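Descriptive structure summary
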Amino acid sequence: MILGVCLGRPPSPVTVAVRDGVPVPAPRAARGARAVCVAVDLDGAPLAPVAAIRVGGPCPEVLKPLVGWPEGSGVAAIVRGGHSLTGRPLAPLDTEAVRRFAEGCGLSDFAVTATGSPVLADHELAVASIVAEAVPGARITLSYEFGGRGLREREHDTILSAALGPHAGRVADEVAGRWPGVPAYFARSGSGLVSAHYFRRYPLACRAGATAARDRGTAAGLAGDAAAAFGATAGGPEAQVERIVRALGRAELDRALRDAEDEVLTRVVSAGAAPGSARVVETTVNPLSYLPDGLYRVRVTAEGATP
């Protein structure tokens, strides 16, 4: 038996017991549940202040990190470094500037965005290493993990996910306290589920989890929070990887695709899939015709079953 749970309006969550894909009346369902699948929307959730680090060149004031965000959203710095979309270094990473900012910002939630990181994430990973050393216990979110969109879009998503992290942690703790010892999964904004660990790490993936789950539950004939609770149980762990890759021939492109597939399989296991069940279900490759030859946008989706 699986419990579907909608964390909607207080005072208490709505719970639906599901056996073999069918809702069943089970007032004591928690005792026999093998998993809890949670639907929650994070829009309107409290946002923690974030230390935003952009790795790149100078820019106009209106395009700096956190410009346009509400007062109290955090602090930001731009440090030298980054890569072009062909992987060419634009400048050496200013490691001392990163260290000074990390040590002096007074925050523990960091969002790191580097120019060109969907192609080469080396500078974001280097910044994460410096921050982790300078701020023990820091929670660090990297933009390359959010796909290959433009710098500003990636930066926005990275900051928002980092800002949602503390609230996501409290939600995951609440679920663990209500159903101790039962594995918890959270509905993604599109389809599928992620583990509680993944939800804490990438809460943006579940920003509209209850809305998406409610749509699935409504199609099955339920309504309101009960529909969201039931819809959360429809599906297994899912993960995506999106990258921009440079390949000057078919063999090089095939190697890049294998790397992306390996990464997404690792990620879907992190999202809660039993290792033997993880499989790639979709791969798309689109050449970026408006950029130099040999650049492709790659998106790979994997799914699996709960243990």
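As the structure is a prediction and not an experimental result, all values here were calculated from the model. (Residues numbered from 1 in each chain as written. Predicted model: local features only at pLDDT ≥ 70, side-chain atom pairs only at ≥ 80, totals over all residues. Heavy atoms only, no water.)

When helices and strands are tallied, the chain shows 8 helices and 13 strands. Computed over the C-alpha atoms, the radius of gyration of the chain is 21 Å, within 12% of the 19 Å expected from 2.2 N^0.38 for a compact globule of 307 residues. When its C-alpha atoms are laid out on the principal axes, the chain stretches across 60 × 50 × 30 Å. Counting every position in the chain, which comprises 307 residues, the buried fraction comes to 48%. Contacts in the chain between residues far apart in sequence, at least 24 positions, make up 67% of those at least 6 positions apart. Surface accessibility of the chain: about 14100 Å² in total, with carbon and sulfur atoms responsible for 53%. Positive and negative side-chain charges of the chain, numbering 32 and 31 respectively, have mean locations separated by a distance of 3 Å. (Helix = DSSP H or I, 4+ residues; strand = E, 2+ residues; numbered from the N terminus. Rg over C-alpha atoms; globule rule 2.2 N^0.38 Å. Buried < 20%, exposed > 50% of the residue type's maximum accessible area, 1.4 Å probe, protein only. Contact = heavy atoms within 4.5 Å. Areas by Shrake-Rupley, 256 points an atom, 1.4 Å probe, with all protein chains shown as cover. Lys, Arg positive; Asp, Glu negative; His and termini not counted. Charge placed at Lys NZ, Arg CZ, Asp CG, Glu CD.)

The next subject is the state of the cysteines. Each disulfide consists of a covalent bond between the sulfur atoms of two cysteine residues. Within the structure shown, the criterion is met by 0 disulfides. Of all cysteine sulfurs in the structure, the one in Cys59 sits closest to Cys105, which takes part in no disulfide; the separation is 19 Å. For Cys105, a relative accessible area of 15% gives the class buried. Of the cysteine sulfurs around Cys206, a residue in no disulfide, the closest is that of Cys37, at 12 Å. (Disulfide = S-S within 2.5 Å.)

What follows is about the nonpolar core. Among the nonpolar cores identified, the biggest contains 43 residues, and Val36, Val175, Phe186 and Phe199 are the most heavily contacted of them. Of all the elements in the fold, those that place two or more residues in this core are strand S1 (2-6), strand S4 (35-39), helix H4 (151-178), strand S9 (184-187), helix H5 (196-201), strand S11 (238-246), helix H8 (250-270) and strand S13 (295-303). Once residues within four sequence positions are removed from consideration, Phe199 is found in contact with Val40, Leu42, Ala168, Val171, Ala172, Phe186, Val194 and Cys206. One finds Val79, Leu93, Val112 and Tyr144 within the second-largest nonpolar core, a separate group that totals 24 residues. (Core = buried A, V, L, I, M, F, W, Y, C linked by side-chain atoms within 4.5 Å.)

Now for unusual backbone geometry. Excluding glycine, most residues fall at negative phi; most peptide bonds, likewise, are trans. You will see that Asp20, though not glycine, has its phi angle at about 55°, which is positive. Inspection of the secondary structure puts Asp20 in the loop between strand S2 (14-19) and strand S3 (22-24). Relative accessible area serves as the criterion here: at 76%, Asp20 is assigned to the exposed category. If you check the backbone angles, Leu66 has positive phi at about 70° while not being a glycine. Residue position: Leu66 is located in the loop between strand S5 (50-55) and strand S6 (74-79).

Moving on, we come to the pairing of S9. Of the two faces of S9, the one lined by Ala184 and Phe186 and the one lined by Tyr185 and Ala187 are each fully buried. Pairing geometry for S4 and S9, over 3 bridges, is parallel. Residue pairing across strands places Val36 opposite Ala184, the latter belonging to S9. Relative to strand S10 (residues 193-195), S9 is paired through 3 bridges, and the arrangement is antiparallel. Among the inter-strand pairings, Tyr185 is bridged to a residue of S10, identified as Ser195. (Pairing = 2+ DSSP bridges.)

Looking now at the pattern of salt bridges. By the definition in use, this model includes 17 salt bridges. The partner of Arg297 in a salt bridge is Glu242, and the shortest N-O contact between them spans 3.2 Å. In this pair, Arg297 sits in strand S13 while Glu242 sits in strand S11, placing the two residues 55 residues apart along the sequence. When its relative accessible area of 23% is taken as the criterion, Arg297 is described as partly exposed. (Salt bridge = Lys/Arg side-chain N within 4 Å of Asp/Glu carboxyl O.)

Read across the open sheet, the 3 strands follow the order S11-S13-S12; overall the sheet is antiparallel. Single-partner strands in this sheet number two, and they are S11 and strand S12 (279-287). Between one strand axis and the next, the sheet turns through 15° on average, direction left out of account. As judged from the 9 bridges shared by S11 and S13, these two strands associate in the antiparallel manner. Bridge pairing in S13 places Arg243 opposite Val298. (Axes fitted to C-alpha atoms, helices over the stretch in contact; angles between N-to-C directions.)

It is worth spelling out helix H3 (residues 122-134) at this point. In this model H3 runs 18 Å from its N-terminal to its C-terminal C-alpha over 13 residues, within 8% of the 18 Å that 1.5 Å per residue would give. For H3, the set of buried residues is His123, Glu124, Val127, Ala128, Ile130 and Val131. Buried residues of H3, seen end-on, are gathered within an arc of 165° and therefore sit on one face of the element. On its buried side, H3 packs onto S5, helix H2 (95-104), strand S7 (109-114), strand S8 (139-142) and H4. (Expected span 1.5 Å × (residues − 1). Arc of directions from axis to C-beta.)

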